[in-house]
Structure formats: structure tokens, C-alpha cells
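The lines below spell out each chain.
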Amino acid sequence: MTDPAHPQTADDEQPPARDDRAFFGQPRGLLTLSALEVWERFSFLGMQAILVLYFADSVAHDGLGMDAGTAASVSAAYGTLVYLVSVAGGWLADRILGSYRAVLWGGVLIALGHYSMAVPTAAMTWVGLGLISAGTGLLKPNVAAMVGKLYRTDDDRRDAGFALYYMGINIGAFAGPLITGWLGEHQGWHWGFSAAVFGMTLGLVQYIVGRRHLAGRKHAAEFALAPAAMRRAVWLMAGGAVAFGVLCAVLAGAGWLTMGRFVDVLTIVSVIAPVVYFWIMFTSPRVTAEERGRLRPYVVLFLASVVFNFILFQAYSTMILLASTNADTTILGFDFPSSWYASALGAFEVALAPVVAAVWVRMGRRQPHASNKIALGVILGGLSFLLMVLPTSGHEGTDYRMAAWWIVGSYLLLGLGDVLLETSGLSASSKLAPKAFSSQTMALWFLSLALANGIQAQVVKVYDDVSHPAYFGVNGAVAVILGLVVVALAPWLRRTMHPVH
């Protein structure tokens, strides 16, 4: 499907030749996509840094009055929903919208969601979270897929490019909590949510202005449905959304659909969805035998991502709750909101991403295999939790304060692990993807994030019921052990992941 007023040619789909090394030796389009992610992460993680505190704060202080375990569980369930929707986002890009328009409309929905959350009512908070979930599901898998399209499969700059892209993500992750955290804890939670609106709007503007630098910016989807099938799909999706909304309203009115049950349902769906999705791709006649062989090691990388991100996402839930009750919020005489700890994670990733990128470029084909990078990331994530056993041992409740450097040190380990795992994982996903499922395979990577959040939504319920050393020690040890398992599988992964180096 093309617009007759704007006929497409092959040249229309490629950025100018001078763009190829215009951004620190990388394609110019990487700057446009990275800048979009700066502002998307500014808004998303800025809001995420105060969301669990808003849930846990008393109603008298404009919070929702949840206990700590419930607040962390609901926050994780929201993350589960965000990444579950990414599957639909990948499918819509491949079959109906195309990657460029999917990212554009996803950004619009995210912005509308943040506008809704700026309204100081509980009802508009839930409306806003729903819109942000839908928008992020459209944007996240497809913007990462667009980064992959800037490179040939055998381009040695690919991992370095994803590292720079991830650095852009974490500039937003660093700046967002600083602004939203200060506003939220000093002016009111909805003032913090308002700041996120500003960021997403700027991101959309620069994305539209820089679209000529992007590869594959088609008016229609790459594997578009036939017109009749497309109309049927649109009507089915619209009808399904309305029916789902009505069902939820009826069940909630009858008292069956409680918040706890909704969280449990999301966890179950987060387990079933990737199993079904892998089965569809393994059995699809449009996937060649060679592509199917590369999907097998991808299952291992998927599980490694689940383990690491189970730890990572708690930087915005249990770690923030721990910081708010048991950590100093003063460094060198300067007082700061507890939500600013989340910015430390982004700061470390901003600082470490270019270093990692430079190391990979310098090493060239001598750099470690992608599976070893991912395994090391998982191990570092586990160590970040094991570190927290030391300052929390021998203490109970909220009658003690640990030095700020303990949490900062934990975030340093977690930040390095994140740079290693996510950049290599995103890059490997774009290389291992079957052509007919290009955007959807990136969505499958984000389903690992949904599963990590789904598991977290259940585990964090015991945060208030066990000691802090036991909670962080057990979770950290499990991650380290599973990271070592991936190291042990490295010979098989190297053989089966070609052309990934």
C-alpha cells in the first residue's frame, strides 16, 4: 500500500549516503532514534521512579495508601502490562502500520498518558497508565528494530551502535528521576507526573524532524495484510478492546476483579505469552530451517534476560522503597529525595556505555561472544543484590540508616550489567530475527521483560514478610548461579548463534 501522491522508490527508503558515519562513526539515524529514547525514558523512568512511592504514600499526602509489598507488586504489574503490549506493537508494525508510524503513534499515546496522570485524581492515574502501556508497546520494540535496520548483519559497528543507543536511553533514565523526583516529593506526586509530559512531547518533535535519516521509513508495513484482511483485523482489535473494557468493568463491579487478582492474571499471561510466541515462530512455514536453528540459542538469551531484568526492575520498586525507609538521603551535606537514587543507575549507564562501546570497537572480532557478555551482565546483576546483604544484616524494620554509598555501589554493578546485557541482547535479537518476524522478534525480547516483571509482581509481595538480608541474598544468589549456567553453555551458543559473534 502506497500513497499515489507520494510514490516510493528504493532511494526513498534509505538515508543519504553521507549519513553512514556522521554520528561518531555511526549512521546519522542513530542520533534521531537515540534522542527519541532519551525523552521517552525521561518520561517513563522519571514517572517510574516515583510511582511506587506514590502508591505507598498515605491518602492524606495524595498517595494511594498501599502497603510496601502491594505497592511494589502493582508497580511491577504495570511494567508487565507495558511489555506484554509490545507483542501487539510488533505485529501492528509488521502487518499494518510500518515501524515508523508505529513508533510515532506510540509516542502520541505515551504523551496522552502522561497528560492524564498530571490530573490529580486516582481515576486519571489508571487511565494514564493504560495509555502509556499501549503507547510503550507500540514504540519500544519498533524503535529498537529501526536501529537494527541502520546496519548490515555483518557490520562490526553494530554492537557499538547499540551501546551508544543505550547510552541515549540512560541519559533520559538519569535526568528523568532528578526532575520528577524533586517535583513529586516536594510539590506533589502529580507535579512529578506533569514533568514527564514535557519530555515525551520534545521526543516526538525531534523524531518527526529527523525522519529522513531513518532506514525503512515506509508509509505501509513491510509484510502488510491484504486490504480486506487489514480491515477485518482493525475491526476485530477495536471490538476486542471494547469487549475487554466492558468485561473488566462488569467483573470489577461484581467484586471479582480485585487489584490482587488482576496482578495474578498478568503474571499468568506473562508466562503463557512467550511460550506461545516461540511455538508460533518455530512452527511458522515462513521461517527457514536456518532461521529456526538460530532461534534455539535465542531461548537461552531470553531466559538470561528474564533473570537479569527481574533484578534490574527492582531498582524502581524494592530498592526505592528500601532507600526511602533505610538509607541516608544526604551526601556531603546535600539533602536529596530518595527517588534520586534511581538517577544513579542512569548516570552509571551513561558513563559506562561509551566506554563499553569503545572497548568493543577497539577489540573488533576479538571481543567476547555475545553470550558471554550477557552471562556477565546476569552475574553482575546478582552481585548487586548480594551487596545489599552486608548493610542490612543485623537490622530490622526502619530503625536504622545505611550509608548512601551502599545503594550507589549496588547500582554501579547493576548499571554495568545492564549495559553489557541489554546492548548485546538487543543487537543479537536483531541479528537472530527471522525476516518475516523482524519487529515481532524484538517484541519477543521485550516479552522477557514482561515475564521478569510478572515474576517480580509475585516475589515482591514477600518483601515486607522476610528479612532484607534474606530477600536480597536469595534473589541475588539465584541470579549469579543462572549467569554461571549461561557461561557453561557458551561453546554450544557460539556454534549455534552464527552470524552473531
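Scoring rules and cut-offs
- Residues numbered from 1 in each chain as written.
- Predicted model: local features only at pLDDT ≥ 70, side-chain atom pairs only at ≥ 80, totals over all residues.
- Heavy atoms only, no water.
- Helix = DSSP H or I, 4+ residues; strand = E, 2+ residues; numbered from the N terminus.
- Buried < 20%, exposed > 50% of the residue type's maximum accessible area, 1.4 Å probe, protein only.
- Contact = heavy atoms within 4.5 Å.
- Areas by Shrake-Rupley, 256 points an atom, 1.4 Å probe, with all protein chains shown as cover.
- Salt bridge = Lys/Arg side-chain N within 4 Å of Asp/Glu carboxyl O.
- Phe/Tyr/Trp six-rings, centres within 6.5 Å; stacked < 30°, edge-to-face > 60°.
- Axes fitted to C-alpha atoms, helices over the stretch in contact; angles between N-to-C directions.
- Parallel < 35°, antiparallel > 145°, perpendicular 65-115°, else oblique.
- Left-handed = near helix turned anticlockwise from the far one by under 90°.
- Nonpolar A, V, L, I, M, F, W, Y, C, P; charged D, E, K, R; others polar.
- Patch = residues over 30% accessible without salt bridge, like charges linked within 9 Å, V, L, I, M, F, W, Y side chains within 5 Å.
- 1 Å grid on protein atoms, 1.4 Å probe; cavity = no way out; pocket = protein on both sides within 12 Å on 5 of 7 lines; lining within 4 Å.
- Points joined across faces, edges and corners; volume = space filled by probe spheres on them.
- pLDDT = per-residue confidence, 0-100.
- Expected span 1.5 Å × (residues − 1).
- Lys, Arg positive; Asp, Glu negative; His and termini not counted.

Engineer: Would you take a moment to explain the overall build of the protein for this structure?
Structural biologist: A count of helices and strands for the protein gives 17 helices and two strands. Counting the 501 residues in the protein, one finds 55% classified as buried. Residue pairs at least 24 apart in sequence account for 83% of intrachain contacts in the protein once pairs closer than 6 positions are excluded. Working note: accessible area of the protein is about 20100 Å², and carbon and sulfur atoms make up 69% of it.

Engineer: When you look at the pattern of salt bridges in this model, what are you seeing that I'm missing?
Structural biologist: Side chains that differ in charge, positive against negative, can pair when their charged atoms come close. Applying the stated criterion across every chain yields a total of four salt bridges. Arg 294 is paired through a salt bridge with Glu 290; the nearest N and O atoms lie 3.2 Å apart. Taken together, the residues span about one helical turn, with Arg 294 and Glu 290 both in helix α9 (residues 289-312) at a distance of four residues. Assessed through its relative accessible area of 11%, Arg 294 is described here as buried.

Engineer: When you look at the packing of aromatic side chains in this model, what are you seeing that I'm missing?
Structural biologist: Remark: the centre distance and the inter-plane angle together describe each pair of aromatic rings, the angle taken between the planes. Enumeration according to the criterion identifies 15 aromatic pairs in this entry. An angle of 20° between the planes, with centres 5.7 Å apart, marks the rings of Phe 55 and Trp 126 as stacked. Here Trp 126 lies in helix α4 (residues 122-148) and Phe 55 lies in helix α1 (residues 29-56), a separation of 71 residues in the sequence. Using a relative accessible area of 0% as the deciding quantity, one classes Phe 55 as buried.

Engineer: Can you walk me through the packing of helix α3 (residues 99-117) against helix α6 (residues 189-209) in this structure?
Structural biologist: What describes two packed helices is the angle between their axes and the distance between those same axes. At their nearest, the axes of α3 and α6 sit 8 Å apart, and the two run at 160° to each other. By the angle between their axes, α3 is roughly antiparallel relative to α6. Note on packing geometry: the crossing formed by α3 with α6 is left-handed. Contacts from Ser 99, Tyr 100, Val 103, Leu 104, Gly 107, Val 108, Ile 110, Ala 111, His 114, Tyr 115 and Met 117 in α3 reach His 190, Phe 193, Ala 196, Val 197, Met 200, Thr 201, Leu 204, Tyr 207 and Ile 208 in α6. Of the residues belonging to the contact of α3 with α6, the class tally is 15 nonpolar, five polar and no charged.

Engineer: It is not clear to me how a nonpolar patch on the surface should be interpreted in this structure. Could you clarify?
Structural biologist: On the surface, a nonpolar cluster with roughly 560 Å² of combined accessible area is contributed by Ile 268, Val 271, Ile 272, Val 276, Trp 279 and Ile 280. Residue position: Ile 268 is located in helix α8 (residues 259-283).

Engineer: What exactly am I supposed to notice about the layout of surface pockets here?
Structural biologist: Over the atoms rolls a probe the size of a water molecule, and in doing so it shows where empty space is left. Space inside the largest pocket adds up to approximately 1600 Å³. For the largest pocket, the lining is made up of 45 residues, of which Leu 81, Val 85, Gly 130, Phe 244 and Phe 262 are closest to its centre. Per-class residue counts for the lining of the largest pocket are 38 nonpolar, seven polar and no charged.

Engineer: What is the right way to look at empty space enclosed by the protein in this model?
Structural biologist: Applying the stated criterion across every chain yields a total of two cavities of 30 Å³ or more. Roughly 340 Å³ of internal volume is contained in the largest cavity. Contributions of two or more residues to the lining of the largest cavity are made by α1, α2 (68-97), α4, α5 (158-186), α9, α11 (341-363), α14 (404-432) and α15 (438-459). Broken down by element, the residue count for the lining of the largest cavity peaks at five residues, all from α5. Looking at side-chain class alone, the lining of the largest cavity contains 16 nonpolar, five polar and five charged residues.

Engineer: Is there a simple way to think about the confidence of the model for the protein in this case?
Structural biologist: Interpreting fine coordinate detail is not advised for predicted regions of low pLDDT. Residues at a pLDDT of 70 or more form 89% of the protein, whose mean pLDDT is 82. When pLDDT is averaged over each helix and strand of the protein, the minimum, 78, is found for strand β1 (residues 330-331) and the maximum, 94, for helix α16 (residues 468-488). When the criterion is pLDDT under 50, residues 1-11 qualifies, and its contacts beyond four places in sequence or with other chains add up to ten contacts.

Engineer: Would you mind showing me how to read the packing of α3 against α4 here?
Structural biologist: Direction vectors running N to C along α3 and α4 enclose 155°, while the axes themselves pass 7 Å from each other. Here α3 lies roughly antiparallel to α4, going by the angle between them. As for how α3 packs across α4, the hand of that crossing is left-handed. In terms of residue class, the contact of α3 with α4 is built from 18 nonpolar, eleven polar and no charged.

Engineer: Would you explain the environment of Arg 296 in this entry?
Structural biologist: Relative to the elements of secondary structure, Arg 296 occurs in helix α9. Judged by its relative accessible area of 46%, Arg 296 falls in the partly exposed class. Excluding residues that lie within four positions of it along the chain, Arg 296 makes contacts with Phe 282 and Trp 492.

Engineer: I would appreciate a short explanation of helix α12 (residues 370-387) in the present structure.
Structural biologist: For an α-helix, the turn length of 3.6 residues means that residues three or four places apart are oriented alike. Between its first and last C-alpha, α12 extends 26 Å over 18 residues, near the 26 Å set by a 1.5 Å rise per residue. Buried residues dominate α12, accounting for 13 of its 18 residues.

Engineer: Can you walk me through the side chain of Glu 349 in this structure?
Structural biologist: Assignment of secondary structure puts Glu 349 in helix α11. Despite its burial, Glu 349 pairs with no opposite charge, the nearest such side chain being Arg 41 at 9.1 Å. Glu 349 has contacts with Tyr 166, Asn 170, Leu 414, Gly 415, Asp 418 and Val 419, leaving out every residue within four places of it along the chain.

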